[in-house]
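Here's the letter readout for the chains.
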Amino acid sequence: MSPNRPISGPPHRPEPGPAGASRVGAWEQRIERIAARIRPWSWLWPPMAFLAGAGSFFLVERQQWLGAMLTLSMLLTWLLLLSESLIGRFLAQRGYPTLPRGVTTFIAQMVHQETLFFTLPFLLATTVWTSGQALFTLSMVALAIFSILDPFYYRLAERHRGLYFAFHAQCVFLVVLVTLPTLLHLTTGQSLLLALAATVIFSLPSLLHLLRPMTARRWLLMLALLPLLAGVAWAGRVWVPPASLWISGSALSPGFNVEARSPQGQLRLTPEALGGHGLYAYTAIHAPRGLREEIVHEWRHDGELIDRIPIEIQGGREQGYRAWTHKRNFPEHSAGQWRIDVMTASGQRLGVLRFQVATDTTTATLADGRIDSPIGLPGLDVRRLVARPEDAATSNGQNTVDDATPTPEDSE
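In the annotation of an unreviewed UniProt entry, the chain is listed under the name DUF2914 domain-containing protein and assigned to Halomonas eurihalina.

This is the structure in structure tokens:
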């Protein structure tokens, strides 16, 4: 060994040249000045993000390119945030000055606010408010409010880094869940899987912070926790709204007018009547233009699954994709509480149709073919306020399915 070579000590880091350091410092000072100028007006950012999200949601069926551009802008801000973090670490490792913590936290706060308020219109409009999805959406509303309360947000960022990273991971989940169906025409199931994968990846800093100092045993614990967290999240998918799909109307009827694509007739749902006529379940489902997705009508009797009938829908139609299932074969003892869960193929709930079958006609449900709007924002026809790019697209491709052999019939 050469006597001039040091035996131990920290690895040598080359000092940045004066020209490089001055250029980096100038850029950082410029960013700090921009942040200082924006800060007094930062209160405008959440409502602007909410309006951008609402615009993207309302335009996704008519001006698809404009809705996609608004969604893409949301995704680009996240790429900028991630690149800023990577660039900051790269500069710090080479001895260059980095942005102050207050500036980076302010930038992250604006991105979090944009994410939460941009995605809220999608969640509010697709939530089934009579299910556990209401709890998920209300918790996201609470996070959005939390993100604009500076004292609480900065305290979380400075003192509770583990929770802060979890907050960050939740925002990543929302970004992927909402943007991919619009931009890439991925199904809700594919978007959900990618959102969960991204959440698990961005949960790593939170777990590392909670388990530090890291030992071999704690590394094994973290590797065991990651698939456990992913499994728990997947099991709770029924509580997550399908942010790009929703039902605008549903009905029960003993007959169906195929030419008019509408339910017809009325019938008291007694066991004898069901055995003789069967029952039609009608749903009008909205989806982004260009999206093809499989939807399932799950017929349940007193909570027990009786039939699963798949339907393939297409997005981009003004009144939603009008689809129906016709169930003819009911159990011998069909009296009781029935419900039809309208689900995505990945297990997210779109809506529920409930009816009661009873021998007493005063308590049996009347299936009269009346199209009912769901409770909450999906029932509001606010999309009519947005001009359509063309009035020629008034025909509506539909999907008819029989309960025994699903045979799609799509006409336009």
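Read on for the rest.
Right, let's talk about the overall build of the chain for a bit. Looking only at helices and strands, the chain features 11 helices and 12 strands. Scored against the burial criterion, the 412 residues of the chain give a buried share of 46%. Taking as baseline every contact in the chain between residues at least 6 positions apart, the subset at least 24 positions apart corresponds to 73%. Looking at the chain as shown, the accessible area adds up to about 21200 Å², and 62% of this sits on carbon and sulfur atoms.

Its place among the elements puts Leu-245 in the loop between helix 10 (216-235) and strand 1 (246-253). Spatially, the C-alpha atoms of Leu-245 and Gly-315 are 8.9 Å apart, while their sequence positions differ by 70 residues.

The subject of this paragraph is the nonpolar core. In terms of nonpolar packing, the biggest core is built from 37 residues, with Phe-136, Phe-173, Leu-174 and Leu-177 touching the most fellow members. Listing elements by their share of this core, those giving two or more residues are helix 2 (45-59), helix 4 (101-126), helix 5 (133-147), helix 6 (150-159), helix 7 (161-184) and helix 8 (188-202). In contact with Phe-173, other than residues within four places in its own chain, are Phe-136, Leu-192, Ala-195, Leu-196, Thr-199 and Val-240. Membership of the second largest hydrophobic core comes to 28 residues, among which are Leu-267, Leu-279, Leu-291 and Ile-340.

Moving on: a nonpolar patch on the surface. On the surface, a nonpolar cluster with roughly 480 Å² of combined accessible area is contributed by Trp-41, Trp-43, Leu-44 and Met-48. With respect to the secondary-structure elements, Trp-41 resides in the loop between helix 1 (18-38) and helix 2.

Right, let's get into the packing of aromatic side chains. In this structure the tally under the stated criterion is 14 aromatic pairs. Seen in terms of ring centroids, Phe-256 and Tyr-282 are 6.1 Å apart; in terms of plane orientation they differ by 35 degrees. Their pairing is tilted. Of the two residues, Phe-256 is situated in strand 2 (residues 255-257) and Tyr-282 in strand 5 (residues 279-286); the sequence distance between them amounts to 26 residues. Using a relative accessible area of 10% as the deciding quantity, one classes Phe-256 as buried. With a relative accessible area of 4%, Tyr-282 lands in the buried category.

Given 3.6 residues per turn, any residue in an α-helix points the same way as the ones three and four places further on. Its 24 residues place the ends of helix 7 33 Å apart at the C-alpha level, agreeing with the 34 Å of an ideal helix rising 1.5 Å per residue. Counting buried positions along helix 7 yields 19 of 24 residues, so the element is predominantly enclosed.

Attention now moves to the packing of helix 7 against helix 8. Between helix 7 and helix 8, the shortest axis-to-axis distance is 8 Å and the interhelical angle comes to 160 degrees. When the axes of helix 7 and helix 8 are compared, the pair comes out roughly antiparallel. The hand of the helix 7/helix 8 crossing is right-handed. Here Phe-165, His-168, Ala-169, Val-172, Phe-173, Val-176, Leu-177, Leu-180 and Pro-181 of helix 7 come into contact with helix 8, specifically with Ser-191, Leu-192, Leu-194, Ala-195, Leu-196, Ala-198, Thr-199 and Phe-202. Its residues assigned to classes, the contact of helix 7 with helix 8 shows 14 nonpolar, 3 polar and no charged.

A few words now on the side chain of Thr-283. Relative to the elements of secondary structure, Thr-283 occurs in strand 5. Thr-283 sits in the buried class, given a relative accessible area of 0%. Among the polar contacts made by the side chain of Thr-283, one reaches the side chain of His-297 at a distance of 3.3 Å. When sequence neighbours within four positions are dropped, the list of residues in contact with Thr-283 reads Ile-247, Gly-249, Ser-250, His-297, Tyr-321, Arg-322, Ala-323, Val-342 and Leu-353.

Attention now moves to the confidence of the model for the chain. Confidence in the prediction of the chain, expressed as mean pLDDT, is 77, and 71% of residues score 70 or more. Here residues 1-14 is a poorly scored stretch, pLDDT under 50, and it has 4 contacts once near neighbours within four places are set aside; other chains count. The low-confidence segment residues 379-412, where pLDDT is below 50, has 76 contacts with residues more than four positions distant or belonging to other chains.

A few words on the pairing of strand 10 (residues 349-357). Pairing geometry for strand 9 (residues 336-344) and strand 10, over 8 bridges, is antiparallel. Its bridge partner lying in strand 10, Met-343 is registered against Arg-349. A loop of 4 residues connects strand 9 with strand 10, the two strands running antiparallel in sequence, and Gly-347 in this loop sits at a positive phi of about 100 degrees.

The 4 strands lie next to each other as 7-6-9-10, forming an open sheet whose pairing is antiparallel. The open sheet is flanked by strand 7 (304-314) and strand 10, the only strands paired with a single partner. Pairwise comparison of adjacent strand axes, ignoring direction, gives a mean angle of 15 degrees for this sheet. Two strands pair when backbone bridges link them, and strand 6 (residues 292-301) and strand 9 are joined in this way by 7 bridges, in the antiparallel orientation.

Quick notes on the rules
Residues numbered from 1 in each chain as written. Predicted model: local features only at pLDDT ≥ 70, side-chain atom pairs only at ≥ 80, totals over all residues. Heavy atoms only, no water. Helix = DSSP H or I, 4+ residues; strand = E, 2+ residues; numbered from the N terminus. Buried < 20%, exposed > 50% of the residue type's maximum accessible area, 1.4 Å probe, protein only. Contact = heavy atoms within 4.5 Å. Areas by Shrake-Rupley, 256 points an atom, 1.4 Å probe, with all protein chains shown as cover. Core = buried A, V, L, I, M, F, W, Y, C linked by side-chain atoms within 4.5 Å. Patch = residues over 30% accessible without salt bridge, like charges linked within 9 Å, V, L, I, M, F, W, Y side chains within 5 Å. Salt bridge = Lys/Arg side-chain N within 4 Å of Asp/Glu carboxyl O. Phe/Tyr/Trp six-rings, centres within 6.5 Å; stacked < 30°, edge-to-face > 60°. Expected span 1.5 Å × (residues − 1). Axes fitted to C-alpha atoms, helices over the stretch in contact; angles between N-to-C directions. Parallel < 35°, antiparallel > 145°, perpendicular 65-115°, else oblique. Left-handed = near helix turned anticlockwise from the far one by under 90°. Nonpolar A, V, L, I, M, F, W, Y, C, P; charged D, E, K, R; others polar. Polar contact = N/O pair within 3.5 Å; in protein donor to acceptor, adjacent residues only side chain to side chain. pLDDT = per-residue confidence, 0-100. Pairing = 2+ DSSP bridges.

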